[in-house]
Amino acid sequence: MDTKLNEAVRELLEQLAERLPKRRLPAYRALGEAGESAQLLNELCKILIGRGTAVTPAEKTTLTQLLATVPAGDYDYINNRDRTLAAIQVAEQPQTTTHDDLRALSAGTHALLGRLADRLPPDRLEEYRTLSRVGEWSMLVDLLSASLVTRQIPISPSERDALAALLSWFRPAAVADLAYIRDRENTLAALNVTDKR
């Protein structure tokens, strides 16, 4: 892999480091050190889009140049450059998600899972709790929404409101691959909301 290209991807990683999950940084840095520029760039795009993390206009320009330069291989986000770039949020001063924000999101998902525990299949419930523990909240909210809609699990109006609050944490454009969050209005409309359980 081109040394200059690898250095450019690693430099971008360090610019974004404060906005990325701390537990993933060692793995990302290891990819850079191993010269795996394409895989690292694909992972960066995936996490930026999945978490709705904004980049500066200059960082977006760098991403655009890198995506045009890196060979695509088997990497979805690189292969679909236009869709990837369209889904990345841009802000002059990117707002870093605070620890308080993450605590609130974690508490909200944990509380809703607790309320729904007796109505969810045990294997699903364990999967959702694992996702909550490791901070994969977008995946958790999408899968939980899918279960509630497809299984037509009865929920109360207050539980629907709690789910709506969780859905609103995520920008639809940032979760293009998570259908139930992306289409939150239809998700909420398709829930089996009842006062009787």
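Residues numbered from 1 in each chain as written. Predicted model: local features only at pLDDT ≥ 70, side-chain atom pairs only at ≥ 80, totals over all residues. Heavy atoms only, no water.

Asks: Explain the packing of helix α1 (residues 3-16) against helix α2 (residues 25-33) to me, and be specific about the residues and the numbers.
Replies: As a packed pair, α1 and α2 sit with axes 9 Å apart at the nearest point and diverge in direction by 165°. Comparing their axes, α2 and α1 come out roughly antiparallel. For the pair α1 and α2, the sense of crossing is left-handed. For the pair formed by α1 and α2, the contact residues are Asn6, Arg10, Leu13 and Glu14 on the first element and Leu25, Tyr28, Arg29, Gly32 and Glu33 on the second. (Axes fitted to C-alpha atoms, helices over the stretch in contact; angles between N-to-C directions. Helix = DSSP H or I, 4+ residues; strand = E, 2+ residues; numbered from the N terminus. Parallel < 35°, antiparallel > 145°, perpendicular 65-115°, else oblique. Left-handed = near helix turned anticlockwise from the far one by under 90°. Contact = heavy atoms within 4.5 Å.)

Asks: Now, about the pattern of salt bridges: what can you tell me, with residues and values included?
Replies: In this structure the tally under the stated criterion is ten salt bridges. The salt bridge partner of Arg119 is Glu159, with a shortest N-O separation of 2.7 Å. Remark: Glu159 occurs in helix α10 (residues 157-167) and Arg119 occurs in the loop between α7 (99-116) and α8 (122-133); sequence separation between them is 40 residues. For Arg119, a relative accessible area of 15% gives the class buried. Its relative accessible area of 6% is what places Glu159 among the buried residues. With its nearest N and O atoms 3.0 Å apart, the salt bridge here joins Glu127 to Arg124. Of this pair, Glu127 and Arg124 both sit in helix α8, three residues apart, which is roughly one turn of the helix. (Salt bridge = Lys/Arg side-chain N within 4 Å of Asp/Glu carboxyl O. Buried < 20%, exposed > 50% of the residue type's maximum accessible area, 1.4 Å probe, protein only.)

Asks: Before we move on, can you summarise the confidence of the model for the protein chain with the specific residues and values?
Replies: With 91% of its residues at a pLDDT of 70 or more, the protein chain shows a mean pLDDT of 87. Least confident of the elements in the protein chain is α7, whose mean pLDDT is 84; most confident is strand β1 (residues 154-155), at 96. (pLDDT = per-residue confidence, 0-100.)

Asks: Could you give an account of unusual backbone geometry, naming the residues involved and the relevant values?
Replies: Non-glycine residue Gln152 carries a positive phi angle of around 50°. Residue classification places Gln152 among the partly exposed positions, given a relative accessible area of 38%.

Asks: Give me the packing of α2 against helix α3 (residues 37-51): which residues, what numbers.
Replies: The axes of two packed helices give the description: the angle between them and the distance between them. Close contact between α2 and α3 brings their axes to 9 Å; oriented N to C, the two are set at 150°. Classified by the angle their axes make, α2 and α3 are roughly antiparallel. For the pair α2 and α3, contact is made by Tyr28, Leu31 and Gly32 and by Gln39, Leu40, Glu43, Leu44 and Ile47, respectively. Of the residues assigned to the contact of α2 with α3, the class counts are five nonpolar, two polar and one charged. (Nonpolar A, V, L, I, M, F, W, Y, C, P; charged D, E, K, R; others polar.)

Asks: Describe in detail α3, supporting the description with residues and values.
Replies: Within an α-helix, residues lying three or four positions from one another point in the same direction, as the helix has 3.6 residues per turn. Taking 1.5 Å of rise per residue, the 15 residues of α3 would be expected to cover 21 Å, and the 21 Å separating its terminal C-alpha atoms lies within 8% of that figure. Next to the buried residues of α3 lie α1, α2, α4 (57-69), α5 (76-79) and α6 (81-87). Immediately downstream of α3, the backbone of Gly52 shows phi near 65°, a positive value. (Expected span 1.5 Å × (residues − 1).)

Asks: Talk me through the nonpolar core; I want residue IDs and the actual numbers.
Replies: Judged by nonpolar contacts, the single largest core of 29 residues is most densely connected at Leu13, Leu20, Tyr28, Leu40, Leu41, Leu63 and Ile78. Put simply, the parts of the chain that give this core at least two residues each are α1, α2, α3, α4, α5 and α6. Considering every element that reaches this core, the biggest residue donor is α3, with eight residues. Filtering out sequence-adjacent residues up to four positions away, Ile78 remains in contact with Ala38, Leu41, Asn42, Leu67, Val70, Pro71 and Ala72. Of all hydrophobic cores here, the second largest spans 23 residues; its members include Leu112, Leu116, Ile153 and Leu167. (Core = buried A, V, L, I, M, F, W, Y, C linked by side-chain atoms within 4.5 Å.)

Asks: Could you give an account of α4, with specific residues and numbers?
Replies: Taking 1.5 Å of rise per residue, the 13 residues of α4 would be expected to cover 18 Å, and the 19 Å separating its terminal C-alpha atoms lies within 8% of that figure. Of the residues making up α4, those classed as buried are Glu59, Lys60, Leu63, Leu66 and Leu67. Angular distribution of buried residues about the axis of α4 spans 125°; they occupy a single face of the element. In α4, the exposed positions that point more than 90 degrees away from the buried face belong to Ala58, Ala68 and Thr69. (Arc of directions from axis to C-beta.)

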